[in-house]
Amino acid sequence: MAYSPVRTVLALFVVAGLAAGCQPVEKESDGAAAPSATAAPTPTVDVAANSKQVCDTTLAVVKEHFVGMADDAIAAIDKPVSAKEQGVKVRAHYTALAEGLRAEAPRAVDPQVRAAVENLAGAIEKRLTGAQATKVEAPDLDPTLKALDAACGR
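Along each chain, residue indices are assigned from 1 in the same order as the chain's sequence is written. Whole-chain, interface and lining totals are the exception, using all residues; otherwise, since this is a predicted model, local features are given only for residues with pLDDT of at least 70 and side-chain atom pairs are given and counted only at 80 or more. Side-chain descriptors were evaluated using all non-hydrogen atoms of the structure, hydrogens and water having been removed beforehand.

Caption draft 1: Region of the structure containing the overall build of the chain. Assigned secondary structure in the chain consists of 5 helices and 0 strands. Looking at the chain residue by residue over its 154 residues, the buried ones come to 35%. Every residue pair with non-hydrogen atoms within 4.5 Å of one another is taken to be in contact. Put simply, 76% of the contacts in the chain that link residues at least 6 apart link residues at least 24 apart. Think of it this way: any DSSP run of H or I at least four residues long counts as a helix, any run of E at least two long counts as a strand, and we number them from the N terminus. Categorising residues by exposure relies on relative accessible area from a 1.4 Å probe, with only protein chains included: less than 20% of the type maximum marks a residue as buried, more than 50% marks it as exposed, and the intermediate range marks it as partly exposed.

The structure is reproduced here in structure tokens:
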């Protein structure tokens, strides 16, 4: 029976590794241009910097909850918990993960990054309504995790 928690932990680390990837390259900025006396300055957003910030925050939220599930699985090896209690913990991690993603998505200026974050949140919310809501293994999330990696340039 020790095989299943170990396999679960390994699977979580693989998913976390996919989410970690490499970071997108930042564009260099040589300072703000002086505003024209005749035109009011228009606010601009550095899309690359915004995307990096959103992607970094999203990655931190994903890691936090997948590592939390892995920690719970490891703790269950030494101190077994009921399937119901384990399911409650897994569900809580997925719920918090979806909420964290939903909070971060509107901050993304790049529509591809925003869509990828929203799609992952939606996939997790869909998972929470089905029979897999209390399962740690989540191969159904792989496509949306990979899409997020691609949108974030990882």
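Caption draft 2: Inspection of the environment of Thr58 at higher detail. Tracing the chain through its elements places Thr58 in helix 2 (residues 47-78). Thr58 sits 59 residues away from Val117 along the chain, and the two C-alpha atoms are 7.6 Å apart. Look past the residues within four positions of Thr58 in its chain and what remains in contact with it is Leu101, Glu104, Val117 and Leu148.

Caption draft 3: Seen up close, the packing of aromatic side chains. Note on aromatic contacts: the rings of Phe and Tyr and the six-membered ring of Trp form a pair at centre separations within 6.5 Å, being stacked when their planes are under 30 degrees apart, edge-to-face when over 60 apart, and tilted otherwise. In total, this model carries 1 aromatic pair according to the counting rule given. Where Phe66 meets Tyr94, the ring centres are 6.3 Å apart and the plane angle is 85°; that geometry is what we call edge-to-face. Of this pair, Phe66 sits in helix 2 while Tyr94 sits in helix 3 (residues 83-104), and the two are 28 residues apart along the sequence. Each member of the pair Phe66 and Tyr94 is classed as buried.

Caption draft 4: The nonpolar core, seen in detail. Judged by nonpolar contacts, the single largest core of 28 residues is most densely connected at Tyr94, Leu97, Leu101, Ile124 and Leu141. Those elements that place two or more of their residues in this core are helix 2, helix 3, helix 4 (111-128) and helix 5 (142-151). Sort the elements by how many residues they give to this core and helix 4 lands first, with 8 residues. Ignoring any residue separated from it by four or fewer positions in sequence, one finds Ile124 in contact with Tyr94, Leu97, Ala98, Leu101 and Leu141. The definition of a nonpolar core used throughout is a set of buried Ala, Val, Leu, Ile, Met, Phe, Trp, Tyr and Cys residues joined through side-chain atoms within 4.5 Å.

Caption draft 5: Looking closely at the packing of helix 2 against helix 3. Axis lines are fitted through C-alpha atoms, for helices just across the contact stretch, and the angle between N-to-C directions can take any value from 0 to 180 degrees. Where helix 2 contacts helix 3, the axes come no closer than 10 Å and their chain directions differ by 175°. Taken together, the axis directions place helix 2 and helix 3 in an arrangement best described as roughly antiparallel. Here Val54, Thr57, Thr58, Val61, Val62, His65, Phe66, Gly68, Met69, Asp72 and Ala76 of helix 2 come into contact with helix 3, specifically with Gln86, Lys89, Val90, His93, Tyr94, Ala96, Leu97, Gly100, Leu101 and Glu104. Just so you know the grouping, Ala, Val, Leu, Ile, Met, Phe, Trp, Tyr, Cys and Pro go in nonpolar, Asp, Glu, Lys and Arg go in charged, and all remaining residues, Gly too, go in polar. Here the residues of the contact of helix 2 with helix 3 are counted per class, giving 11 nonpolar, 7 polar and 3 charged. Should an angle lie under 35 degrees it is considered roughly parallel, over 145 roughly antiparallel, and from 65 to 115 roughly perpendicular; all remaining angles are considered oblique.

Caption draft 6: Highlighting the side chain of Glu104. Tracing the sequence through the fold places Glu104 in helix 3. Reaching out from Glu104, the side chain makes a polar contact with the side chain of Arg107 at a distance of 2.8 Å. For this analysis, a polar contact is any N or O atom pair within 3.5 Å, provided that within protein one partner can donate a hydrogen and the other can accept it, and provided that sequence-adjacent residues contribute only side-chain to side-chain pairs.

Caption draft 7: Summary view of the state of the cysteines. A pair of sulfur atoms, both from cysteines and within 2.5 Å, is called a disulfide here. Evaluation of the coordinates by the stated rule reveals 1 disulfide. Paired by a disulfide, Cys55 and Cys152 hold their sulfur atoms 1.9 Å apart. An S-S torsion of about -85° defines the bridge between Cys55 and Cys152 as left-handed. Within this pair, whereas Cys55 is found in helix 2, its partner Cys152 is found in the segment after helix 5, the two being separated by 97 residues in sequence.

Scope: geometric values only; no functional claims are made or implied.
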